[in-house]
Amino acid sequence: KNFISHEVLERIWKGQPAADGALSYEPDFSSVTLNGETHHFKGKQQDFVKRLVESHLKGQTSTRTTEIMTAIGVDHTRRISNLFSKHKSWKRLIDYGSPRGYCRIRVD
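Undergrad: I'm lost on the packing of aromatic side chains in this one. Help?
TA: In this description, an aromatic ring pair is defined by two values, namely the gap between the centres and the angle between the planes. Summed over the entire model, instances satisfying the criterion amount to five aromatic pairs. A ring pair is formed by Phe-48 and Phe-84, whose centres lie 5.5 Å apart and whose planes are at 80 degrees; its orientation type is edge-to-face. Taken together, the residues span a long stretch of sequence, with Phe-48 in helix H2 (residues 43-57) and Phe-84 in the loop between helix H4 (80-83) and strand E6 (94-96) at a distance of 36 residues. Each member of the pair, Phe-48 as well as Phe-84, is classed as buried. Plain terms: the ring middles of Trp-90 and Tyr-96 are 6.1 Å apart, the flat faces sit at 90 degrees to each other, and that makes the pair edge-to-face. By relative accessible area, which is 6% here, Trp-90 ends up buried. Here the aromatic cluster, defined as three or more aromatic residues joined through ring pairs, consists of Phe-41, Phe-48, Phe-84, Trp-90 and Tyr-96.

The structure is reproduced here in structure tokens:
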């Protein structure tokens, strides 16, 4: 699946660069590419990213972190940083949302 934001599509139609905001991913979310940078995930990290991308595709600007953690079966932790502790680039894909306790895909 690929998702390209409305703004990116407009830039493509106008012949402008389309790298900013471009989001694509493997069906199993083992890799996700945002703004030309590919991030690789394993296990529960994949599940977390999948839920977050699905929320993004539904138009949600941010999602409650604890809802995702509970849905993927890691409700023993409420911190994204704990789930992604051994992942070097997760902060370039995932951003803390607003209000506190929410997160989002970093598309802007």
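Anyway, onward from the coordinates.
Undergrad: Explain the environment of Glu-37 here, please?
TA: For Glu-37, the position within the fold is in strand E4 (residues 37-40). By relative accessible area, which is 29% here, Glu-37 ends up partly exposed. In sequence terms Glu-37 and Leu-93 are 56 residues apart; their C-alpha atoms lie 8.9 Å from each other. Apart from residues lying up to four places away in sequence, Glu-37 is in contact with Val-32, Ser-89 and Arg-92.

Definitions and cut-offs
- Residues numbered from 1 in each chain as written.
- Predicted model: local features only at pLDDT ≥ 70, side-chain atom pairs only at ≥ 80, totals over all residues.
- Heavy atoms only, no water.
- Phe/Tyr/Trp six-rings, centres within 6.5 Å; stacked < 30°, edge-to-face > 60°.
- Helix = DSSP H or I, 4+ residues; strand = E, 2+ residues; numbered from the N terminus.
- Buried < 20%, exposed > 50% of the residue type's maximum accessible area, 1.4 Å probe, protein only.
- Contact = heavy atoms within 4.5 Å.

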